[in-house]
Amino acid sequence: MAQAPVLPHGFELPLEPRLPRIGSVDAVALEERAAGLAKRSIKKDAKIFGLELAIRTIDLTTLEGGDTPGKVATLCSKAVRPDPSDPHVPSVAAVCVYPNLVPTAVEKLRGTGVRVASVATGFPSGQYPTDIKIADARRAVELGADEIDMVIDRGAFLSGRYAKVYDEIVKVKEAVGEVHLKVILETGELGTYDNVRRASLLAMAAGADFVKTSTGKLSSAATLPVALCMLEAIRDVHEETGRMVGFKPAGGVRQAKQAIQHLVLVHETLGPDWLTPDLYRIGASSLLNDVLMQLRKERSGVYQSPDYFTVD
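Given the structure is predicted, the values throughout are model-derived calculations rather than measurements. (Residues numbered from 1 in each chain as written. Predicted model: local features only at pLDDT ≥ 70, side-chain atom pairs only at ≥ 80, totals over all residues. Heavy atoms only, no water.)

A. Examining the overall build of the chain more closely. Helix and strand counts for the chain come out as 11 helices and eight strands. In the chain, which comprises 312 residues, the share counted as buried stands at 56%. A fraction of 75% describes how many contacts in the chain between residues 6 or more apart in sequence connect residues 24 or more apart. (Helix = DSSP H or I, 4+ residues; strand = E, 2+ residues; numbered from the N terminus. Buried < 20%, exposed > 50% of the residue type's maximum accessible area, 1.4 Å probe, protein only. Contact = heavy atoms within 4.5 Å.)

B. Here's a closer look at the sheet that holds strand 1 (residues 58–61). The parallel open sheet is built from eight strands, whose spatial order is 7-6-5-4-3-2-1-8. Bordering the open sheet on either side are strand 7 (246–248) and strand 8 (282–284), each of which pairs with just one other strand. The mean angle between the axes of side-by-side strands here comes to 25°, regardless of whether they run parallel or antiparallel. Relative to strand 6 (residues 210–212), strand 5 (residues 180–184) is paired through three bridges, and the arrangement is parallel. Paired with Val 183 across the strands is Val 211, a residue of strand 6. Against the sheet, helix 7 (residues 162–176) engages strand 4 (147–151) and strand 5, with an angle of about 155° to strand 5. (Pairing = 2+ DSSP bridges. Axes fitted to C-alpha atoms, helices over the stretch in contact; angles between N-to-C directions.)

C. Fine view of unusual backbone geometry. With an omega dihedral of 0°, the bond running from Phe 123 to Pro 124 counts as a cis peptide bond. As for its placement among the helices and strands, Pro 124 is situated in the loop between strand 3 (115–120) and helix 5 (130–142). The backbone of Thr 121 sits at a positive phi, close to 65°, despite the residue not being glycine. With respect to the helices and strands, Thr 121 occurs in the loop between strand 3 and helix 5. A relative accessible area of 0% places Thr 121 in the buried class. Its identity as a non-glycine residue notwithstanding, Glu 186 has a phi of 50°, on the positive side. Summarising the element assignment, Glu 186 is placed in the loop between strand 5 and helix 8 (193–206). In this structure Glu 186 comes out as buried when scored by relative accessible area, which is 2%.

D. Focus on the nonpolar core. Residues Ile 148, Ile 169 and Val 183 are the most contacted members of the largest nonpolar core, which totals 94 residues. With 10 residues, helix 9 (residues 224–241) is the largest single contributor of residues to this core. Ignoring any residue separated from it by four or fewer positions in sequence, one finds Ile 148 in contact with Ser 118, Ala 120, Ala 137, Ala 140, Val 141, Val 176, Val 179, His 180, Leu 181 and Lys 182. Of all hydrophobic cores here, the second largest spans eight residues; its members include Leu 63, Cys 96, Tyr 98 and Phe 123. (Core = buried A, V, L, I, M, F, W, Y, C linked by side-chain atoms within 4.5 Å.)

E. Quick look at the pairing of strand 1. Alternating positions in strand 1 separate into two faces, Ile 58 and Leu 60 on one and Asp 59 and Thr 61 on the other, with burial throughout. Bridge count for strand 1 against strand 8 is three bridges, and the pairing is parallel. In the sheet register, Ile 58 faces strand 8, and the bridge partner there is Ile 282. Bridge count for strand 1 against strand 2 (residues 94–97) is three bridges, and the pairing is parallel. Bridge pairing in strand 2 places Leu 60 opposite Val 95. Note on the crossover from strand 1 through helix 3 (residues 69–80) to strand 2: the handedness is right-handed. (Right-handed = clockwise from strand over helix to strand, strands pointing away.)

F. Representation of the packing of aromatic side chains. Under the definition given, this model contains three aromatic pairs. Ring centres 5.1 Å apart and planes at 75° place the aromatic pair Phe 157 and Tyr 162 in the edge-to-face group. Tyr 162 matches Phe 157 in its accessibility class, with the two residues each being buried. (Phe/Tyr/Trp six-rings, centres within 6.5 Å; stacked < 30°, edge-to-face > 60°.)

Here it is, written out as structure tokens:
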């Protein structure tokens, strides 16, 4: 690993002086390792721990045009008590909503420990002027958001205007202050693993507290190879700088089996220190019920019908 960064054309900006080499990604090796880790099996006690950890790291999300205060209030109740019949099931990490519904979530979650996350900066396209993106993020914080999930301008990134992408992340981070900033790359639009790694390093250099795969609006989103590519970038930055950046896969993680596979990737790439809601989240709207069914099955030995759990 290089001691100084070798930046691709277009990085004419003061990036962190000790970022790892951008390099290129060996796609075959990456996909083979991801496939191998996905086959890891875990036994009963470890599986229960993994399922409970998956719940504790979920950002329970609703980002639809038809969202209402009533829908968000119901989602918040489920976030606090995912399984009302079992008080031992932990709460999720956060509820993620649009900025105008942040006050509803704040009111419903006050005192529970569940955080309120808001998308911002022209979600999901990112095709807004910079000043509006900054105002969007700042306003979400003023409304009470604990965390901001921002999207990068993929058009700027793909056309080589890396400085614009970097500058917008820096400015949004300055606007939100101590509030955790998750930077969404929308990996399904980036085209190559090299671009995924490059965008991950750029976001971390600009001050991202988390890097996040996607908006959840594309079918090609949080695949295991993409997740591994981003996790390896996080690992390399930590080895070079000592800085711990969080990771959030989002989009396409709908089954408990997939959530466990992602947790295995994190454990094997970054280690157990990252297996905490402070450094790992899963963006999900439909995952929680499947995890609850699997958890009930592991504890009781009997599969439960989906009808036993609310659909929100």
